[in-house]
Amino acid sequence: MSFSTLSIQAQNEECEDTCQHIHGIDISHYQREVFWEALGENSHIAYVYIKASEGGDRIDHMYEQNIQMARQHGIKVGSYHFYRPKADQEEQLANFLAQCRPEDQDLIPMIDVETTARMDTDEFCDSLFKFLELVELAYKQKPLIYTGANFYDKHLQEKLDRYLIMIAQYTDREPVLADERDITMWQYTGKGHLEGINGYVDKSRFMGNHTLRELRFRHRKKQ
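Because the structure is a prediction, the values reported are computed rather than measured. (Residues numbered from 1 in each chain as written. Predicted model: local features only at pLDDT ≥ 70, side-chain atom pairs only at ≥ 80, totals over all residues. Heavy atoms only, no water.)

Chemist: Quick question: what am I supposed to make of the pattern of salt bridges here?
Modeler: When charged atoms on two side chains of opposite charge get close, those side chains can pair. In total, this model carries 11 salt bridges according to the counting rule given. Between Glu 136 and Lys 142 there is a salt bridge, and its shortest N-O distance comes to 3.4 Å. According to the relative accessible area criterion, Lys 142 is partly exposed, its value standing at 30%. Overlapping salt bridges, with partners in common, bring together Lys 51, Glu 54, Arg 58 and Arg 84 in one network. (Salt bridge = Lys/Arg side-chain N within 4 Å of Asp/Glu carboxyl O. Buried < 20%, exposed > 50% of the residue type's maximum accessible area, 1.4 Å probe, protein only.)

So this is what it looks like as structure tokens:
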């Protein structure tokens, strides 16, 4: 995921080293080979969201390896789907379900919402919320929603009150949305650095008194 807004200042890129917030990352094939042993030894990184799928037919070819290795090294994991508003809803759900298997998840699914595909806001929201309902029915819990601060203010304000949200804003200021709603998590840079990852990585942290417990995947008991 990446919102090309303002670059975060250098001191915030590594703020998990100096602050008490709960920090994590999200990754995809763009990070290429990840050295999970190094990440597993990093006490500052509490969770990782891993890209599983996109639209109706794209999968992230590193997903299977990434989620297996993250779990092997004791990192709490969740999976995300990049939403394509014009792609068939059922096909997108099937694509995500085929990758994001409930038994592999520690955290609730996340839906990455970054584009309207040139739909007007009403048409886009109609498409999005139909998909979110399908995801909730399939996983028996509401997904976490990821989007950018500007995108939220333009298209989604006062529409996501039933959902936990992660907001991307690459500045040295905590995000404040136009409707002033509560923000669960803040993705504060797309240019973070971590031992074990070559190149940049997206970093996020929990806001206020929010904790990792709120994202816990509720596994259904076997009959």
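Chemist: Would you mind showing me how to read helix H4 (residues 89-99) here?
Modeler: Turning to H4, its buried residues are Gln 89, Gln 92, Leu 93, Asn 95, Phe 96 and Gln 99. Looking straight down H4, one finds that the buried residues subtend no more than 160° of arc, so they occupy a single side. For H4, the elements touching its buried residues are strand E2 (45-54), strand E3 (58-59), helix H3 (63-72), strand E4 (76-82), strand E5 (110-112) and helix H5 (121-139). Two to three positions downstream of the cap, the backbone nitrogen of Glu 90 sits 3.1 Å from a side-chain oxygen, assigning the N-cap of H4 to Asp 88. (Helix = DSSP H or I, 4+ residues; strand = E, 2+ residues; numbered from the N terminus. Arc of directions from axis to C-beta. Contact = heavy atoms within 4.5 Å. Polar contact = N/O pair within 3.5 Å; in protein donor to acceptor, adjacent residues only side chain to side chain.)

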